[in-house]
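# Summary of the model geometry
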Amino acid sequence: MNNSATVVILAGGQSKRMQVQNKAIILFEGKPLIAHVIDRMKIQAKYTVINTHRNQKDYEIFHLPLIDDISDIQEGPLLGILTSLQAIKTDWIQFVPCDTPSLPSNLIAILMKAVESEKTLVAVPETSDGLQSSCLLCHSSTLNNLQIFFNQGGRKIEDWIRQLPFSIVPFNDESQFLNVNTQEELKKAYS
């Protein structure tokens, strides 16, 4: 377990492709999608919080600290990352999406090893599907850079991290990073 990192579960999306109010609480194998993410991540770091966007009531049942986005306007996951970096006091923050139920049980350890050995500020998993940029580990010192990037209109995580010293960490099993955004992907997650 890592004591210098906080896990932030990004749960502020609009769930448009799933055509539901909140995909994080859709049942998968008998429990909400986000519960799988919580179970995978709470054993990896001392602190776990949920980043929300005006939907905190949906997450009260998990008894975790909640961080609501700093803007009423839906700005995507980068707003959740910015909001969380402003609020969290640990040196490292591991971001993960709320709809990725099969995350590696050693994700933080692997990404932390990369930033330590390569002396970078960010580590991002990469699979055969490409960069898994919403599963990034980043240092708290990246806040000022992100604030500038965001204020200048930047909204893509990958565009932001490419400005920083970052590590790309290969993972062989892309199913560990399967995002459940549609009913089809929910069915695929069962296979």
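Report follows, based on the coordinates.

Position of I38 among the secondary structure elements: in helix α1 (residues 33–42). For the pair I38 and T90, spaced 52 residues apart in the sequence, the C-alpha separation amounts to 18 Å. Excluding anything up to four places from it in sequence, I38 contacts I9, I50, F62 and L64.

Turning our eyes to something else, we now look at the nonpolar core. Judged by nonpolar contacts, the single largest core of 30 residues is most densely connected at I9, I34, M41, V96, L103 and L107. Of all elements in the fold, only β1 (2–10), α1, β4 (45–52), β6 (92–97) and α3 (107–118) reach the threshold of two or more residues within this core. Formed by 24 residues, the second largest nonpolar core is a distinct cluster that contains V8, V124, C138 and W160.

We now examine the side chain of N22. Looking at the secondary structure, you find N22 in the loop between β1 and β2 (27–28). A polar side-chain atom of N22 sits 2.8 Å from a polar atom in the side chain of D58.

Across the nine residues that make up β1, a large majority, seven, are buried. Direction of pairing for β1 relative to β4: parallel, over a ladder of six bridges. Its bridge partner being in β4, T6 is matched across the sheet by Y47. Across six bridges, β1 lies against β6 in parallel orientation. From the neighbouring strand, T6 faces β6, where its bridge partner is I93.

Two elements in contact, helix α2 (residues 77–87) and helix α4 (residues 143–151), have axes whose closest approach is 10 Å; the angle formed by their N-to-C orientations is 140 degrees. In terms of orientation, α2 and α4 fall into the oblique class. Relative to α4, α2 is oriented so that their crossing is left-handed. Touching L78, L79, I81, L82, L85 and Q86 of α2 are L143, L146, Q147, F149 and F150, all from α4. Tallied by class, the residues present in the contact of α2 with α4 amount to nine nonpolar, two polar and no charged.

Even without being a glycine, H63 presents a positive backbone phi close to 50 degrees. For H63, the location among the structural elements is in the loop between β4 and β5 (66–68). Judged by its relative accessible area of 71%, H63 is exposed.

Right, let's talk about α1 for a bit. With seven of its ten residues buried, α1 lies for the most part within the structure. Residues L33, I34, A35, H36, V37, I38 and M41 constitute the buried set of α1. Along its buried surface, α1 packs onto β1, β2, β3 (31–32), β4, β6 and α3.

Rules and cut-offs
Residues numbered from 1 in each chain as written. Predicted model: local features only at pLDDT ≥ 70, side-chain atom pairs only at ≥ 80, totals over all residues. Heavy atoms only, no water. Helix = DSSP H or I, 4+ residues; strand = E, 2+ residues; numbered from the N terminus. Contact = heavy atoms within 4.5 Å. Core = buried A, V, L, I, M, F, W, Y, C linked by side-chain atoms within 4.5 Å. Buried < 20%, exposed > 50% of the residue type's maximum accessible area, 1.4 Å probe, protein only. Polar contact = N/O pair within 3.5 Å; in protein donor to acceptor, adjacent residues only side chain to side chain. Pairing = 2+ DSSP bridges. Axes fitted to C-alpha atoms, helices over the stretch in contact; angles between N-to-C directions. Parallel < 35°, antiparallel > 145°, perpendicular 65-115°, else oblique. Left-handed = near helix turned anticlockwise from the far one by under 90°. Nonpolar A, V, L, I, M, F, W, Y, C, P; charged D, E, K, R; others polar.

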